[in-house]
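What follows is each chain in one-letter form.
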Amino acid sequence: MMKYRHYEGNPQKNSPALGATLAYLGINGLLALLHGSQGCSSFIRLQLNRHFKESIPLNSTALLEDSVIFGGWEHLKKGIAVAADKYKPQIIGVMSSGLTETYGDDMASALASLYSERPDLEDLPVVLASTPDYIGSMQDGYQRTVEALVDALVGLNHHSPASALKTDIQEAPYLALLPGCHLTPADVDELKEIVRDFGFRPITLPDLSVSLDGHAELEAAPVVQGGTLLEDFQLLPRSRACLSFGLSMEKAGETLKEAYHIPHYNFPSLSGLTATDGLILTLAKLSGKTIPEKQLRQRNRLLDTLADYHDQLGKLRVAIALETDLLYSLGSSLVEVGAELTVALAASQAGTDRLSLPVPMEVGDLETLEERAGQSKLIIANSNGRQAAGQLKLPHLRAGLPVFDRAGYPQTCWIGYEGTQRFLFATLNAVS
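Predicted, not measured: the structure shown is a model, and the values here were computed from it. (Residues numbered from 1 in each chain as written. Predicted model: local features only at pLDDT ≥ 70, side-chain atom pairs only at ≥ 80, totals over all residues. Heavy atoms only, no water.)

### Quick notes on the overall build of the chain
On a plain count of helices and strands, the chain comes out with 18 helices and 13 strands. Radius of gyration (C-alpha) of the chain: 22 Å, near the 22 Å computed for a compact globule of 432 residues. Taking the intrachain contacts of the chain between residues at least 6 apart in sequence as the baseline, contacts between residues at least 24 apart amount to 71%. Across the chain, the 36 positively charged side chains and the 50 negatively charged ones have centroids separated by 5 Å. (Helix = DSSP H or I, 4+ residues; strand = E, 2+ residues; numbered from the N terminus. Rg over C-alpha atoms; globule rule 2.2 N^0.38 Å. Contact = heavy atoms within 4.5 Å. Lys, Arg positive; Asp, Glu negative; His and termini not counted. Charge placed at Lys NZ, Arg CZ, Asp CG, Glu CD.)

Following this line, the structure appears as structure tokens:
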């Protein structure tokens, strides 16, 4: 039973606004605007910058004391107008903060008022995501922002000529992909490659594999460079199906299913033999093609790894503290190979009642991890878990966000047959 405390010590969760920023960073030409103070946006930039080692294009409405007291409605209108006039983005993504949500700023009415005053901006898409700091964590903010993007894009597509959207439905092998925030840019890249192996053309929303993949840029820009193109969204109605990854992406997938009358498949995990089998068999069914030799070869390698290291992985006692989707993905793949989970701490409540592991998934901070992981042989957590691992003198495998004291985590791929094999190697090397 978890010890009840009246405070959160060494928190593991990030703010929902950070999750919203992450989702917006996967849309090409988008200007991300935080409706809050400059301090909030600076902290988000710092956190993402030291994780990805990239400049983070994030603007804010820069609320001051008087606007917090009297409301930031006019600040939001001015912020959107200035951003549109100065930077000429293709789309603006706004996320709220604890300050503006507590006051009750109505972002939708502010936008409607701006459109009435500036009819020249009516064609500029503006997405509004509600991300109060006191509800949920990074995964929750990312989820609500992807849902807001999908709702806005479905609205845009409804303005497209129906005849243009319905042609060549059988011939165009598009597949809509909705990756959760638990997938790294390298994970998303691998996912797109697997989909292409079956002859599909992926439309990925959002696509961090292009914007935050560590490529060199000559100079920083105020809008996102790389990510999903707005033109690609017009192709969503042609998708043969929608695949969402992570339980948090299920609702967004259902929205696309209802809007475009296409099948939707949700995959809570892509790590592990069983989880990857589920994806590969679904793609084979949708494409009508046999499983590519490349995937069969990678599966055989994973089976060989399981045979080679079953004595070391079996009964390995592991404590995990991560966002829910990543906790389930890595935890279930370890359970599959015989490891024993001692603690499973999620950053927020979302989804913990629908996912099942051999131990209960509880909400807890890294101080709880330190209290409960004493009998374990390995800790899996973000870089902030290093204090708990140090106190307990346990090896610490970095995962999640932020990871700032190990090189190359955003380029780490732990999904699919090959990625699962890499994850098991990383686990074994951490305890050796």
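### A word on the pairing of strand β3 (residues 91-96)
In terms of residue burial, β3 counts as a mostly covered element, since six of its six residues are buried. Every second residue of β3 is oriented toward a common face, with I91, G93 and M95 on one face and I92, V94 and S96 on the other, all of them buried. The pairing of strand β1 (residues 30-35) with β3 spans six bridges and is classified as parallel. Across the sheet, residue L30 finds its bridge partner in β3, namely I91. Bridge count for β3 against strand β4 (residues 126-129) is four bridges, and the pairing is parallel. Counted as the bridge partner of V94 is L128 from β4. (Buried < 20%, exposed > 50% of the residue type's maximum accessible area, 1.4 Å probe, protein only. Pairing = 2+ DSSP bridges.)

### Concerning the domain arrangement of the chain
Parsing the chain into structural domains produces domain 1 (16-154), domain 2 (171-291) and domain 3 (296-431). Using C-alpha coordinates to define each centre, domain 1 is positioned 33 Å away from domain 3. Every contact between the two is made by 12 residues of domain 1 and, on the other side, 13 residues of domain 3. Between domain 1 and domain 3 lies a buried interface of about 1,100 Å² when both sides are counted; carbon and sulfur atoms form 59% of it. When the area that domain 1 buries against domain 3 is broken down by residue, the three leading residues are R50, H51 and Q139, summing to 53%. There are zero salt bridges connecting domain 1 and domain 3. Seen at the junction of domain 1 and domain 3, the total is eight residue pairs in polar contact (both at pLDDT 80 or more). Looking at the side of domain 1 that touches domain 3 residue by residue, the class counts come to four nonpolar, five polar and three charged. (Domains from an automatic or database assignment. Buried area = accessible area lost by both parts, 1.4 Å probe. Salt bridge = Lys/Arg side-chain N within 4 Å of Asp/Glu carboxyl O. Polar contact = N/O pair within 3.5 Å; in protein donor to acceptor, adjacent residues only side chain to side chain. Nonpolar A, V, L, I, M, F, W, Y, C, P; charged D, E, K, R; others polar.)

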